[in-house]
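Residue strings, one per chain:
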Amino acid sequence: MKRLTQGTALFLFIIGVVWWYFLSLPTTLFAVSHSHLLLDRDGRLLSAHIAADGQWRFPELESVPDKFAIALIQVEDKRFRQHNGVDFLALARAIHDNLREQRIVSGASTVSMQVVRLSRGNPPRTLSEKLLELLRAWRLESRYGKDEIFKLYASHAPFGGNVVGLEAAAWRYFARGPDQLSWAESAMLAVLPNNPALIHPGRNRGRLLAKRNRLLQQLYAQNILSKLEYDLAVAEPLPDAPHPLPQLAPHLLDTLAVRQPAGERFRTTLDAGLQEQLNTLAQRSGERLVLEGIQNLAVVVLNNRTFEVLAYIGNRPVLNFGADQGHAIDMIQRPRSTGSTLKPLLFADAIEQGLIVPDSLLADVPVNYSGFTPQNYNRHYHGAVRAREALARSLNVPMVNLLSARGVEPFLMQLRQMGFSHMQRSARDYGLSLILGGAEASLWDLSVAYANLAHRAMQDQQHQQTVWQQGRWLQSQPADSSRIATLSTATAWLTLDSLLEVARPGDEGYWEKFSSSRQVAWKTGTSYGQRDAWAIGATPDYTVGVWVGNADGVGRAGLTGTQSAAPILFNTFSLLPPNRGWFQRPDWQMTEVKICRDDGYLSNGACATKMVRIPLGSHFASMTPYHPRIHLDISGQYRVTSECERVAAMQTRAWFVLPPDQAEYYQQFHADYQPLPPWRADCQNSDGGSREALSVVYPQNHTQIYLPRELDGKLEQTVFRAVPQNPETLLYWHLDNQFLGTTQTFHQQVAQPTAGRHWLVVVDETGNRVGREFEVLMTPGKH
């Protein structure tokens, strides 16, 4: 019987040891949800989300500040560093005091025992629970070191209300991190977990103050505090009601929490000081925009060298996200119509491919591409403009013509290579409208693309990166992407140099007159229907991107990139450190070519020339098409050919000649443009004379014309245009073999063709004729 009892005891002992070692504590002590935290580059709290259970419970601390640790040990567990989870001296004292008072006046709980109790959800205080708590505290001490146990306590202790943990308490009661607390503040937080339901900064302030000062007196008595430190500490008042937690970058925190739900403490690259300044600017700008019916805006600032995000304003700062104005949406990540913001990237791509140089002329005349009829924002045409001017003035028609020459498919591939993640449709679906806002992109993708232009432009011969960079909002993210960079340093430099010529809004237009002004390569964009306004600018150090509009897509009259977004762009740049210089021209990656001054194409030996630098690998080989050699008679006033004049009596000259449709508009803006001399009367019937005597500007051959219906259901009228060599020439107009009328001087003929295919013929008084086939398409009428 005795052996049986000993065996049973041994068995129970073994079971107890197994339970104590393997089962007394769970693998994860605190299986609770935590608040998401957004920290700046120096660890300052920018924004926080409340935990899923409604508690302000921050992720576990990495270390416990010394002041709080000293204060807590003094008030809760003086022999914390000496015992193994249970303080038997304190336990004996507690038993003695409780028996003497015939009630529980002391619990003798160590910090380790309190950690166990907190991990079990504060169960009822019974004798059996207390015994199990002792055993679990021993096991806790065998699993964790003293510092780890202290961090567990500081991270999970209650601090009144829905505040859990030292870090949350420090921010809620003192609006700063626990490592920045004073002795008085640390002492107050040290006494709070002892009875958080009774002692609270919002009530029982007298008892809280007495407990805090009593602890400070103990610290002074033990020479932990000097007399001056003690006097200053007790003089500090208690905090008032809890502070709201910072919400300097709530939209970035929302985005990160969705993309990385397992993350808790997001260490970003943001600069808290700049973020705070930009919040103020965005709030002030937003209040002005609201008066115009514009509810939302977004601003992002990137470091062009590291691709770190320095500031991130996902939407207009407001106090109440609940209002139905889309303020809770992170508009930096939301795709919107790009407007004209892709034009610099097309300009760069065309230079890289050798299609143009910045001085090359691009046609700017009415044009129709299978029903797509682009127009410039001011409805004017210039005949032909230099590519850099078309970019700086954001002219639509020249850029559509350039995209047509480049091809939508290869340009779309280039955009995707640069990181435009929202362009998922086919090139056929986008068509040529891609360059005018027919695609959608986020402010994030656009800003990173412009930052990549700046990053490429600043590289030197010894430091060439082969991949595009990606924006970094977390310190742990790499800057290098896996996408091969497809633009050279020289191309990037030429593009940014051209963007310096974009006219600035308001007083900023006089920036060159002030030595303190900074150079900014920038571009605006306005989407169809005035739904989106963009402004993106770059310096060697920073890229700033701004979007303004309504999150619900409602357009507003007056909402443009220049008027709505550009002022915010330049105000943002004013908050940044001044430029340390401008991009150095990468002569090492450039070669010189001789081009015609008039048109920007390679010289054919018959034009005035100048030398320009182009990218070394661009393979630009386009010879000028606008400088033919012509033959004049001995007077130099008339053109002739060998059919009507002796060769010996001719003089040959080079002449700058644009196609008739381009020349008509071009000479309105260039008084020095010299039209070709007329043919001498006896040379009119020569092949050269008849071929150039007449040109139809509109419609072009095989054009599709869309005509809206009037209220009576009839199609509206269209205007045909022609350009004879001599404006005073009489022209005869025929449509489908029906005579329409004649024109002289101003050669515009009004017609009202029906839906379907038509044949237009224009004949001049000498018999020269030009024909054009076109098709009229009906727009749906009202039913």
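Our subject is the structure that appears above.
So, how was this worked out
- Residues numbered from 1 in each chain as written.
- Predicted model: local features only at pLDDT ≥ 70, side-chain atom pairs only at ≥ 80, totals over all residues.
- Heavy atoms only, no water.
- Helix = DSSP H or I, 4+ residues; strand = E, 2+ residues; numbered from the N terminus.
- Buried < 20%, exposed > 50% of the residue type's maximum accessible area, 1.4 Å probe, protein only.
- Contact = heavy atoms within 4.5 Å.
- Areas by Shrake-Rupley, 256 points an atom, 1.4 Å probe, with all protein chains shown as cover.
- Pairing = 2+ DSSP bridges.
- Axes fitted to C-alpha atoms, helices over the stretch in contact; angles between N-to-C directions.
- Parallel < 35°, antiparallel > 145°, perpendicular 65-115°, else oblique.
- Left-handed = near helix turned anticlockwise from the far one by under 90°.
- Nonpolar A, V, L, I, M, F, W, Y, C, P; charged D, E, K, R; others polar.
- Disulfide = S-S within 2.5 Å.
- Salt bridge = Lys/Arg side-chain N within 4 Å of Asp/Glu carboxyl O.
- Phe/Tyr/Trp six-rings, centres within 6.5 Å; stacked < 30°, edge-to-face > 60°.
- Core = buried A, V, L, I, M, F, W, Y, C linked by side-chain atoms within 4.5 Å.

**Observations concerning the overall build of the chain**
When you go through the chain residue by residue, the secondary structure sums to 22 helices and 28 strands. Burial status across the chain gives 53% buried among its 783 residues. Across the chain, every contact between residues at least 6 apart in sequence was considered, and the portion connecting residues at least 24 apart equals 65%. For the chain, the computed accessible surface area is about 36500 Å², with 52% contributed by carbon and sulfur atoms.

**Observations concerning the sheet that holds strand E16 (residues 542–549)**
Read across the sheet, five strands follow the order E7-E6-E16-E15-E14 without closing on themselves; strand pairing throughout is antiparallel. Each of the sheet's edge strands pairs with one partner strand only, and the pair in question is strand E7 (309–313) and strand E14 (521–526). Direction aside, the axes of adjacent strands within the sheet are offset by 5 degrees on average. Taken together, the seven bridges between strand E15 (residues 532–538) and E16 define a ladder with antiparallel strand orientation. Opposite Gly537, over in E16, you have Val544 as the bridge partner. Contacts from helix H18 (residues 443–457) reach strand E6 (296–303), E7, E14, E15 and E16 within the one sheet, and its direction differs from that of E6 by about 30 degrees.

**Points about the packing of helix H12 (residues 272–290) against helix H20 (residues 561–573)**
A packed helix pair is summarised by two numbers, namely the angle formed by the two axes and the spacing between the axes. Between H12 and H20, whose axes approach to 11 Å, the crossing angle comes to 160 degrees. Considering the angle they form, H12 stands roughly antiparallel to H20. Here H12 and H20 pass one another in a crossing that is right-handed. Residue-level inspection shows Leu278, Leu281, Ser285, Arg288 and Leu289 of H12 in contact with H20, the latter providing Ser564, Ile568, Asn571 and Thr572. For the contact of H12 with H20, the per-class residue count stands at four nonpolar, four polar and one charged.

**Quick look at the state of the cysteines**
Counted by the stated rule, this structure contains two disulfides. The disulfide bridge from Cys596 ends at Cys607, spanning 2.0 Å between sulfur atoms. Taking the sign of the torsion about the S-S bond as the criterion, the disulfide between Cys596 and Cys607, at about -75 degrees, is left-handed. Placement of the pair is Cys596 in strand E17 (residues 590–596) and Cys607 in the loop between E17 and strand E18 (609–615), with a sequence separation of 11 residues. Residue class for Cys596 comes out buried when judged on its relative accessible area of 0%.

**Re the pattern of salt bridges**
If you walk through the whole model with that rule in mind, you get 26 salt bridges. Salt-bridge contacts for Asp532 lead to Arg336; the nearest nitrogen and oxygen are separated by 2.5 Å. Placement of the pair is Asp532 in strand E15 and Arg336 in strand E8 (residues 336–337), with a sequence separation of 196 residues. Residue classification places Asp532 among the buried positions, given a relative accessible area of 3%. Here Glu501 makes a salt bridge to Arg388, at a shortest N to O gap of 2.6 Å.

**Quick look at the packing of helix H4 (residues 111–119) against helix H6 (residues 146–156)**
The N-to-C vectors of H4 and H6 enclose an angle of 50 degrees; their axes lie 9 Å apart at closest approach. The orientation of H4 with respect to H6, classified from their angle, is oblique. Along this stretch, H4 crosses H6, giving a crossing that reads as left-handed. Residue-level inspection shows Val111, Ser112, Gln114, Val115 and Leu118 of H4 in contact with H6, the latter providing Ile149, Leu152, Tyr153 and His156.

**So, the packing of aromatic side chains**
Using the criterion set out here, one finds 13 aromatic pairs in the structure. Ring geometry for Tyr312 versus Trp473: centroids 6.2 Å apart, planes at 70 degrees, classification edge-to-face. With Tyr312 in strand E7 and Trp473 in the loop between strand E12 (467–469) and strand E13 (480–484), this residue pair connects regions lying 161 residues apart in the sequence. The buried category is assigned to Tyr312, whose relative accessible area is 1%. When the centroid spacing of 5.8 Å and the interplanar angle of 85 degrees are considered together, the rings of Phe656 and Tyr673 count as edge-to-face. Here Phe656 is found in the loop between strand E20 (651–654) and helix H21 (660–669), whereas its partner Tyr673 is found in the loop between H21 and helix H22 (687–692), with 17 residues between them in sequence.

**Things to note about the nonpolar core**
By size, the foremost hydrophobic cluster in this structure holds 111 residues, and its most contacted members are Phe420 and Val548. When residues of this core are assigned to their parent elements, the largest contribution, 10 residues, is made by H18. Setting aside residues no more than four positions away along its own chain, Phe420 makes contact with Leu342, Leu345, Leu415, Ala441, Asp445, Leu446 and Ala449. Of all hydrophobic cores here, the second largest spans 55 residues; its members include Val116, Phe150, Tyr153 and Leu216.

Geometry only, nothing functional implied.
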